[in-house]
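Summary of the model geometry
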Amino acid sequence: MQPLNRNLLLVNTVRCFILLAVLILVSTGYFFNSTTAGIYTTLLTLSFYTVLTVYTFNRLSRQISISEREFFAHLGIDISVLTILFVFSGGSANPFVSLYLFPIIVSASLLSSTYTRILLALGITCYSSLFVIDMLWPGTASHVTSAQHNMSAHSMGSHASPMQSSHTSDNSMFSLHLYGMWFTFAFSALLISTFVVRMKKQLAKQQQKINAQRESALRDEQIIAIATQAANVAHHIGTPLSTISVITNDLKQEPELAAYSEDLSVLSSQIEICRNELQQLRIDTDKNHQQLTSHIQVTQQLQEITDELTLLHPQTTIGLDVLKCPPELGIRADQGLKLAILSLLNNACEASPEKIDISVEQENDKLIIRIRDYGEGIPQTLEGIPQQPTQSTKPTGLGLGLFLSHATLERQGGTVRLVNMSDTTTEDSSGDTGTLTEITLPLDKS
């Protein structure tokens, strides 16, 4: 059962107690000779309230979802029904007028602030109307209230006795008590609705933070698991690479394979790149374990990354624009940042083998790096900020690179966002396809 359904069930249960209490009042009013019209009107209202209660129980039993608007309508009906019952059972002097607070408290706890303000205004208006009805039609209220009005009228005679003066004083004190009840109700309703709404918002914010921390913890667990597997692979792949390197060097010495010397040289260089990457991975892992961060000069770091990317993708034209980036601009990060950016650039080169563009600029206290490729563009399911590992768009991909890059950038206080340029109409898109990868990092203010 949904939360609103469960709470409406509780509200409906409270209605049953209200019905029982009012039935007792009607019986008491009958013995105290209340007006017949008042008793009949109260019984008619109770009949409607009973039908509404039974209907609500039946609706909830069918597991039908309750909207906020419908829940608000139920609370508004409760206030209206209570007003009719109070009119014919004591008016403003009815001891159960504090029941007006119940719908307001429920709304403040469960519904939006707009609905709470409407119910607050409705409750105060209905309570105030009881005073107006008591003054205009004193005979409509209960016997006690009518007696107070009669006592007040009798005490206004020209020859007031001491007993009549006493009655006048008692009546004034009773009126003061009623007005005090109204003020207490209005102040309490305003206080409750204000603080409960604020507390609800604070609890919602705290819950969002808890959920964010829980998701971050889950992502960290996934990253640790992936990192452990990557470390094992790096450990086991070193020996095969050394073996391949030795065999390649031996093959280069064979005269029969002189025609393939150029290919063997390329193969040796690629093997050397793999060995260097593994070695760098071990060094970076040791530094990350020590939680070492340092000041990184943005322009120099991007130039180094671009040079390394050129070796990995010599067929790709890489445009680097650093004109909007001051030469002294820097960020504070660990060694994982370079690998994360290089992974994103590698994805761009594989998606757009002919050309990619890299631009960097400063926006307030943020560094913005934009990587633009001209491939087919990412699917709509991958647009935005990646939060979980996804199915790779490459035939041999694992779908982990983008997720790990975002996790690394998030650890540095940054984010990565993907945009399919075919879905945009900006000047940068120019009607082309492709993907824009936007990296945001905080600047080093030290």
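What counts as what
Residues numbered from 1 in each chain as written. Predicted model: local features only at pLDDT ≥ 70, side-chain atom pairs only at ≥ 80, totals over all residues. Heavy atoms only, no water. Patch = residues over 30% accessible without salt bridge, like charges linked within 9 Å, V, L, I, M, F, W, Y side chains within 5 Å. Areas by Shrake-Rupley, 256 points an atom, 1.4 Å probe, with all protein chains shown as cover. Salt bridge = Lys/Arg side-chain N within 4 Å of Asp/Glu carboxyl O. Buried < 20%, exposed > 50% of the residue type's maximum accessible area, 1.4 Å probe, protein only. Phe/Tyr/Trp six-rings, centres within 6.5 Å; stacked < 30°, edge-to-face > 60°. Helix = DSSP H or I, 4+ residues; strand = E, 2+ residues; numbered from the N terminus. Axes fitted to C-alpha atoms, helices over the stretch in contact; angles between N-to-C directions. Parallel < 35°, antiparallel > 145°, perpendicular 65-115°, else oblique. Left-handed = near helix turned anticlockwise from the far one by under 90°. Contact = heavy atoms within 4.5 Å. Nonpolar A, V, L, I, M, F, W, Y, C, P; charged D, E, K, R; others polar. Lys, Arg positive; Asp, Glu negative; His and termini not counted. Charge placed at Lys NZ, Arg CZ, Asp CG, Glu CD.

A cluster of nonpolar side chains, namely Phe183, Phe187, Leu191, Phe195 and Met199, defines an oily patch on the protein surface of about 540 Å² accessible area. Residue classification places Met199 among the exposed residues on the basis of a relative accessible area of 52%.

What characterises a pair of aromatic rings is the spacing of the ring centres plus the angle enclosed by the ring planes. Counted according to the given criterion, the structure contains seven aromatic pairs. Look at Tyr127 and Phe185: their rings are 5.0 Å apart centre to centre, the planes differ by 70 degrees, and that puts the pair in the edge-to-face class. Residue Tyr127 is found in helix H5 (residues 113–136), and its partner Phe185 is found in helix H7 (residues 162–252); the two are separated by 58 residues along the sequence. When sorted by exposure, Tyr127 lands in the same class as Phe185, which is buried. With centroids separated by 6.3 Å and ring planes inclined at 15 degrees, the aromatic side chains of Phe183 and Phe187 adopt a geometry described as stacked.

This part covers the packing of helix H3 (residues 68–87) against helix H4 (residues 101–110). Put simply, H3 and H4 touch, their axes get as near as 10 Å, and they point 165 degrees apart. Taken together, the axis directions place H3 and H4 in an arrangement best described as roughly antiparallel. When the axes of H3 and H4 are compared, the crossing they make is left-handed. Where H3 approaches H4, its residues Glu68, Phe71, Leu75, Asp78 and Ile79 are matched on the opposing element by Pro103, Val106, Ser107 and Leu110. When its residues are assigned to classes, the contact of H3 with H4 shows six nonpolar, one polar and two charged.

Another aspect to go through is a positive patch on the surface. Taken together, the side chains of Arg117, Arg198, Lys201, Lys205 and Lys209 present a region of like positive charge at the surface. In terms of residue count, H7 provides more of the positive patch than any other element does, four residues in total. Among the structural elements, Lys205 can be located in helix H7. Taking relative accessible area as the criterion, Lys205 reaches 48% and is therefore assigned partly exposed.

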